[in-house]
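An overview of the molecular structure
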There are 2 protein chains.
Amino acid sequence: MSDVLSQLLEALGPDVVSTGDAIPARYRHDWSGLAPVLPLALLRPRNTEEVSKALAICNATGTPVTPQGGLTGISGGAHPDAAAVSLSLDRMNRIEGVDPEMATLTVEAGVILQAAQAAAAEAGLMLGYDLGARGSCTVGGTIATNAGGNQVIRYGMAREHILGLEVVLADGTVVNAMNRMIKNNAGLDTKQLFIGSEGLLGVVTRAVLRLQPRPPFTATAFCGCPDLPAGLRLLTAARKALGPALTSFEVMWPSFYHFMSDGTHQRRILAEEHGIYVIVEASAFTETAAREMLETCLGAAMEEGDVADAVLAASGKDERALWAVRESVAEYPNLMGPINAFDIGIPLERMAEAVAALESGLKAKFPDAITLSYGHIGDSNLHLVVNVPSAGRQQPDKEIKGFVYGMTRDLAGTISAEHGLGLIKRAYLGYSRSPEEIALMHQVKAALDPNNILNPTKAFA
Amino acid sequence: MSDVLSQLLEALGPDVVSTGDAIPARYRHDWSGLAPVLPLALLRPRNTEEVSKALAICNATGTPVTPQGGLTGISGGAHPDAAAVSLSLDRMNRIEGVDPEMATLTVEAGVILQAAQAAAAEAGLMLGYDLGARGSCTVGGTIATNAGGNQVIRYGMAREHILGLEVVLADGTVVNAMNRMIKNNAGLDTKQLFIGSEGLLGVVTRAVLRLQPRPPFTATAFCGCPDLPAGLRLLTAARKALGPALTSFEVMWPSFYHFMSDGTHQRRILAEEHGIYVIVEASAFTETAAREMLETCLGAAMEEGDVADAVLAASGKDERALWAVRESVAEYPNLMGPINAFDIGIPLERMAEAVAALESGLKAKFPDAITLSYGHIGDSNLHLVVNVPSAGRQQPDKEIKGFVYGMTRDLAGTISAEHGLGLIKRAYLGYSRSPEEIALMHQVKAALDPNNILNPTKAFA
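Everything quoted here is computed from the prediction, not taken from an experiment.

Basis of the calculations
- Residues numbered from 1 in each chain as written.
- Chains lettered and ligands numbered in written order.
- Predicted model: local features only at pLDDT ≥ 70, side-chain atom pairs only at ≥ 80, totals over all residues.
- Heavy atoms only, no water.
- Phe/Tyr/Trp six-rings, centres within 6.5 Å; stacked < 30°, edge-to-face > 60°.
- Helix = DSSP H or I, 4+ residues; strand = E, 2+ residues; numbered from the N terminus.
- Buried < 20%, exposed > 50% of the residue type's maximum accessible area, 1.4 Å probe, protein only.
- Lys NZ or Arg CZ within 6 Å of the ring centre and 35° of its normal.
- Expected span 1.5 Å × (residues − 1).
- Arc of directions from axis to C-beta.
- Contact = heavy atoms within 4.5 Å.
- Least-squares fit on C-alpha atoms with pLDDT ≥ 70 in both.
- Salt bridge = Lys/Arg side-chain N within 4 Å of Asp/Glu carboxyl O.
- Pairing = 2+ DSSP bridges.
- UniProt positions renumbered as here; feature names shortened; annotations may be inferred.
- Buried area = accessible area lost by both parts, 1.4 Å probe.
- Nonpolar A, V, L, I, M, F, W, Y, C, P; charged D, E, K, R; others polar.
- Axes fitted to C-alpha atoms, helices over the stretch in contact; angles between N-to-C directions.

**Concerning the packing of aromatic side chains**
Geometry of an aromatic ring pair is reported as the spacing of the ring centres plus the angle between the planes. Within this structure, the stated rule accounts for 14 aromatic pairs over all chains. Measuring from ring centre to ring centre gives 5.2 Å for Phe342(B) and Tyr405(B), while their planes differ by 80°; the resulting arrangement is edge-to-face. In this pair, Phe342(B) is assigned in strand 15 (residues 340-345) and Tyr405(B) in helix 12 (residues 397-410), connecting sequence segments 63 residues apart. Per residue, the accessibility class of Phe342(B) equals that of Tyr405(B), and both read buried. Here the aromatic cluster, defined as three or more aromatic residues joined through ring pairs, consists of Phe342(A), Tyr405(A), Tyr428(A) and Tyr431(A). The ring of Tyr431(A) has Arg409(A) lying over it, and the distance from NZ or CZ to the ring centre is 4.4 Å.

**Observations concerning helix 8 (residues 287-304) of chain B**
All names here are of chain B. Under the 1.5 Å per step criterion, the end-to-end length of helix 8 is 27 Å for 18 residues, consistent within 8% with the ideal 26 Å. Of all the positions in helix 8, only Ala289, Ala290, Met293, Leu294, Cys297, Leu298 and Ala301 are classed as buried. Projected down its long axis, helix 8 carries its buried residues within an arc of 140°, all on one side. For helix 8, exposure combined with an orientation more than 90 degrees from the buried face picks out Glu287, Thr296 and Glu303. Looking at the packing, one finds that the buried side of helix 8 touches strand 11 (217-225), helix 6 (228-242), strand 13 (276-284) and strand 14 (309-312). Once helix 8 finishes, Gly305 follows within two positions and takes phi at roughly 85°, a positive value.

**A short note on the relation of the copies chain B and chain A**
Two chain copies here: they are related by a rotation about an axis and a translation along the same axis. Between chain B and chain A, which share one sequence, the superposing operator has a rotation angle of 180° and an axial displacement of 0.0 Å; the RMSD is 0.0 Å. Given the turn and translation reported, the copies of this chain are related as if by a two-fold rotation axis. A share of 100% of the interface residues of chain B reappears at the interface of chain A, consistent with the copies meeting face to face through the same patch.

**Points about the pattern of salt bridges**
Note on pairing: side chains with opposite charge can pair once their charged atoms come close. Counted according to the given criterion, the structure contains 52 salt bridges over all chains. One salt bridge in this structure joins Lys183(B) and Asp379(A), with 3.7 Å as the shortest N-O distance. Here Asp379(A) lies in the loop between strand 16 (370-376) and strand 17 (381-387) and Lys183(B) lies in the loop between strand 9 (174-177) and strand 10 (203-213), a pairing that spans two chains. Just as Lys183(B) is buried, Asp379(A) falls in that class too. The salt bridge involving Glu418(A) is made with Lys183(B); its shortest N-O contact spans 2.8 Å.

**Section: the pairing of strand 8 (residues 162-168) of chain B**
Moving residue by residue along a regular strand, the side chains alternate between the two faces of the sheet. Residue and element names in this part refer to chain B. The element strand 8 is largely enclosed, with a buried count of seven among its seven residues. Taken together, the six bridges between strand 8 and strand 10 define a ladder with antiparallel strand orientation. Of the residues in strand 10, the one forming a bridge with Val167 is Val204. When strand 8 meets strand 9, the two strands line up antiparallel, connected through four bridges. The residue of strand 9 that forms the bridge with Val167 is Val175. Hairpin connection between strand 8 and strand 9: a loop of five residues separates the two successive antiparallel strands, and Gly172 in this loop has a positive phi of roughly 95°.

**Considering unusual backbone geometry**
Residues and elements named next belong to chain B. Backbone geometry places Leu71, a non-glycine residue, at a positive phi of 60°. Relative to the elements of secondary structure, Leu71 occurs in the loop between strand 3 (65-68) and strand 4 (85-88). Phi at Asn455 is positive, roughly 45°, even though this residue is not glycine. Within the secondary structure, Asn455 sits in the segment after helix 13 (435-448). For Asn455, a relative accessible area of 2% gives the class buried.

**Details of the UniProt feature "domain: FAD-binding PCMH-type" (unreviewed entry) in chain A**
The feature "domain: FAD-binding PCMH-type" (unreviewed entry), as annotated in UniProt, sits at residues 35-214 of chain A in this numbering. With 19% helix and 26% strand, residues 35-214 of chain A has end C-alpha atoms that lie 40 Å from one another.

**Here's the deal with the interface of chain B and chain A**
In this assembly, 86 residues from chain B lie in contact with 86 residues from chain A. Of the roughly 6900 Å² buried between chain B and chain A on both sides combined, carbon and sulfur atoms contribute 60%. In terms of surface lost to chain A, no three residues of chain B exceed Lys183(B), Asn185(B) and Leu188(B), which account for 13% of the buried area on that side. Counting every contact that joins chain B to chain A gives 10 salt bridges. Those elements that place two or more of their residues in the side of chain B that touches chain A are helix 5 (152-155), strand 9, strand 10, helix 6 and helix 13 of chain B. Split into classes, the residues belonging to the side of chain B that touches chain A amount to 41 nonpolar, 28 polar and 17 charged.

**Thoughts on the sheet that holds strand 11 (residues 217-225) of chain A**
Residues and elements named next belong to chain A. The seven strands lie next to each other as 14-11-13-12-16-17-15, forming an open sheet whose pairing is antiparallel. Pairing within the sheet leaves two strands with one partner each, and these edge strands are strand 14 (309-312) and strand 15 (340-345). Between one strand axis and the next, the sheet turns by 15° as a mean value, whatever way the strands run. Relative to strand 14, strand 11 runs antiparallel, the two sharing four bridges. Along strand 14, the bridge assignment pairs Gly224 with Asp309. On top of the sheet, helix 11 (residues 351-365) reaches strand 15, strand 16 and strand 17; it is set at about 10° to strand 17, its chief contact.

**Quick look at the environment of Val65(A)**
Residues and elements named next belong to chain A. Along the polypeptide, Val65 turns up in strand 3 (residues 65-68). Of the residues examined, Val65 reaches a relative accessible area of 1% and is grouped as buried. Beyond its immediate stretch of four places on either side in the chain, Val65 contacts Leu55, Cys58, Ala84, Val85, Leu87, Ile453, Leu454, Asn455 and Pro456.

Take a look at the structure:
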């Protein structure tokens, strides 16, 4: 047994440290689709002190460490590495408490997002971000990737909901930055360093989250617009008319909407075909406000010709029906087999051009390509899903990625709106960040992790 | 002439570099009350390239630099230093433009906050933070101090409104991080390093700011509550009932309200005296929503006994009247002469205890002390103003500060809710941050400014 493993075993015991066949299959991969890997060892510490001991040993022996949350990442940031020790936070899943006056929630990093949301709801409040992976992802993972989800246009990314953190540095130092106050400008706000750092700068062990009141009333409309510019005028109008009641603004191009509604055998909501489809969701604190504000806003947009047709949900059941096609993305494997899925950002003034160029460019390269476009357009966030049926199981991943990320670079977009870089997007970092920004990332990494043990093959390392 | 001055003059010319008597009086002090200081030189660059040249020369010669915005800071972060070159951004005051679709505003750092707000308003939007110093402070200064102001409970601090930055590092490297998208997780979000860094890590030269829709309708109530716990129950209820319509929640203790209403000869709003006074402001996007929601919320609080009496403004003029005493703080010099003013944060569960202990503790030390307490309680933010009349011009600053910051430490609060540390609060950093947090600040400082030229006598340096 290697020196590092015997040190870890001695310090933490066999209950925390496992190796080889004793490492369950679920710890050998994440949701990125990368092939399973057996790590050097799996550590499942029960508390901050054990995380600290583990990192101190790894740092002293120069052993790489892969911090892990719920393993739901799709960029491979938490994917195991054969040369690294995996450090899973999944046992540190204690909800420490809600403070209703301060509107805060304190948790260990391994708490499942849905459990944190439930704790907030029990106190009559809510956590302002939510993702599809809520039942499996951990709060720590959402912090490490600065996750966002569907309502970022209203509530912002995870960063805006984090008041305090406890972090263990590469050398085992425990940094207590468990601030609970909204305003605290006593020196540098060091916790910001770790948000979105993909486990390269430290391991988040605890967090203080800011909670929100939940608007009890929602209204949802499904609109057909002549084209994206009309949809963007609707966005600008909806922002001004609805203010913080505008909680979602989702755009689907016909490529996505027609393919997915046909594929999942769902009746299309509107009788005619349109240039783009938009779901607008309003959430408010009075029963009439959400619906009346949305109706007024849509009425004005119809008069302007920016909305050609629209359906307003009359009930909660209706609302789910309007979202059904948008939320059918779990059907991709059944409908297409292997895909390349992109979560990129494009400045809005180039979004129409981007979608046209991406879809036509991919079809020029791969004539039978299926390209589906949709996204959180209020956040400049575009989803693109690509499958080349004739390529079967061997999709031309590299060519597809190179083309899409290259186009993203040329349009001054970001290769990662969400999900970070991990293993899969790390080669493209220079497409979205300036050399000086990347140099800064390296300076900070070198300062905080001089032995380069934390996720040294991932993201901006 | 010293070597550094001749190099600066040669590189930038006499229009940018001035020394000695040629430095206007207004550049010799900020609003901290510290005695005026003549800096080694004053640099007023016209563009980023000149900032870069200036810093490269100062870095190579090991010359300290004091970055300056509108000089409205009250902690002394931009106060000149006799051994340092002052670098004022005040000529870099170009508004580059508003993008209504993206809801962003791009400015040079020297733009006056009020001018940025006016540019946003012209596009039918608003910048989500606002301070009393709006007519003099610069956008760059608000970024360097992570300013907030009156509506933080709704809109958050400056950090939440900054999408992109251009920053010049100590060695003159220009970092272009002028991101415009809400979601961008391609590697570390390096701009976060510079927000609230008080000029110690780099000089912000340009910024992309996120804009908000402005709620057109407001309703304001002035309430008398039996005590702070009742006021905090009102806060919790108002958060849940009003949601994002709750834009201000200001508490005034009798110490402040009675002294200031008497001193400024204003009639008290309510007939009786109360344990605390609260101003609740609601802002909404429909005419009735703001007022009805506020009325309903206050009605319920009166039934619970948490509000004893309340007045709801019937007009905009009425609203100003309800705020008048709260906004009379410019009268301090007339009413008290020299003061010690604190802007601290206290966790809410200890707020009542804090105010009682601070006021009684100061009066025990200085029997004639005037102590005025009020604050943005929704942000855990307490203002305390202290004057000892018998001490005249020679206020016992050190004793007062030591007592207040010591009590803040003991109550797990922050010595700086806003305004940073500068020169005045730097000695107390350890009262509000853990040794590990402070060590991290030093590591980042050493990595980004290895020659320690940027504000080396301020904040966390």
